[in-house]
Amino acid sequence: MNTIDGHVHSPFCPHGTDAPMEDYVKAAERKGIDVLVFTEHAPLPAGFSDPVPGQDSAMRPEDVGPYVAECARLREQYAGRVDVRCGFEVDYIEGFEKETLEFLQQHPEAARNSILSVHFVRLPGGWFCVDYSADELERKAEEAGLETIYRAYGDAILKAAGRPFGELNPPVLGHINLIHKFRERIAPKEDPVDWMNILKTASASGLRLDFNHAGLRKPDYGKTYPEEWMIGEARKLGLTLQTGSDAHSPEDVGRGFEKE
Ligand SMILES: [Zn+2]
Ligand SMILES: [Zn+2]
């Protein structure tokens, strides 16, 4: 069976590590991973201001060329050993669909290897990054209400599950329940998100799910995204899950997969 790590970052990620991309490929080869998909955070759309303090959520537009070139070089160099593919982790940001589609149109090949994720939600007070930190989520919850934040995330991921970019839509939906990242520390009394509807919509759209193992490394969560009951329902709906480490350093490539 083919082992895939379909969600891997690179030194072009400003909040990641500086290790060269080749080190990720070497790690994959060492761990017996056949397919390694680089999915760097695509540049945020023009006009969207990154709400996190360091404004370091995504790669710079001028780095896209060198990133794609290095993917291609590694793909050639490791042919027959590791199947290296080039994609992006693209943000679904409500109201910026046109700009996002333009990016996908410029990179149609990479679009096929990409993941569509939601990290940013629009709240009455402005944009908010849901997975930045537990402290920020607590602060924002006092201001906007945690249920409101959950609902905004649920609405956005539902739209992303509806394949908003048609033919060029990334085929994989990223860490669908990322909003749960700090759940052990802060959680609403009742989860207001209709997860079944999201799963059904993703299934009807023909998307795969990012079976994201980064959650196992998060102290306030400790599970995969999606979590177990969602995996069960996803399988019943015929959804395919694609393993991903969300590695931001080479040693995290394939991490946690062996327990599956
Ligand atoms: Zn990242
Ligand atoms: Zn992500």
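See the structure above.
Quick caveat, the model's predicted, so the values are computed rather than measured. Starting afresh in each chain, residues are numbered from 1 along the sequence in its written order. Going through the entries in the order they are written, you letter the chains from A and number the ligands from 1. Where totals are concerned, whole chains, interfaces and linings use all residues; where local detail is concerned, this predicted model gives features only for residues with pLDDT of at least 70, and gives and counts side-chain atom pairs only at 80 or more. Excluding hydrogens and water, the side-chain values take into account all heavy atoms of the structure.

**What about the coordination of the zinc ion (ligand 1)?**
- Binding of the zinc ion (ligand 1) to the protein goes through His15 (NE2), His41 (NE2) and His248 (NE2), at separations of 2.0 Å.
- The donor set covers N, O and S atoms within 2.8 Å of the metal, switching to 3.2 Å for Na, K and Ca, and it leaves out water, so a site may look short of donors. Here the donor residues of the zinc ion (ligand 1) are spaced in sequence according to H-x25-H-x206-H.
- The distance between the zinc ion (ligand 1) and the zinc ion (ligand 2) comes to 5.6 Å. Of the two residues, His41 sits in strand S2 (residues 35–41) while His248 sits in the segment after strand S9 (241–244), which places them 207 residues apart along the sequence.
- Between buried and exposed lies partly exposed: a residue is buried under 20% and exposed over 50% of the maximum accessible area for its type, with that area taken using a 1.4 Å probe on protein chains only. For His41, a relative accessible area of 5% translates into the label buried. Secondary structure elements are defined from DSSP: runs of H or I of at least 4 residues count as helices, runs of E of at least 2 residues count as strands, and each element is numbered from the N terminus.

**Considering the packing of aromatic side chains**
- Paired rings are identified among Phe, Tyr and Trp, the last through its six-membered ring, by centres lying within 6.5 Å, and are further divided according to the angle between planes into stacked (under 30 degrees), edge-to-face (over 60) and tilted (the rest). Evaluated as defined, the whole model comprises ten aromatic pairs.
- Considering the side-chain rings of Phe12 and Tyr67, the 5.9 Å spacing of their centres and the 80 degrees angle between planes classify their relative orientation as edge-to-face. Residue Phe12 is found in the loop between strand S1 (4–8) and helix H1 (21–30), and its partner Tyr67 is found in helix H2 (residues 64–77); the two are separated by 55 residues along the sequence. Tyr67 matches Phe12 in its accessibility class, with the two residues each being buried.
- Note on Phe48 and Phe96: the rings are 5.4 Å apart at their centroids and 80 degrees apart in plane angle, and the pair reads as edge-to-face. Of this pair, Phe48 sits in the loop between S2 and H2 while Phe96 sits in the loop between strand S3 (83–91) and helix H3 (97–106), and the two are 48 residues apart along the sequence.

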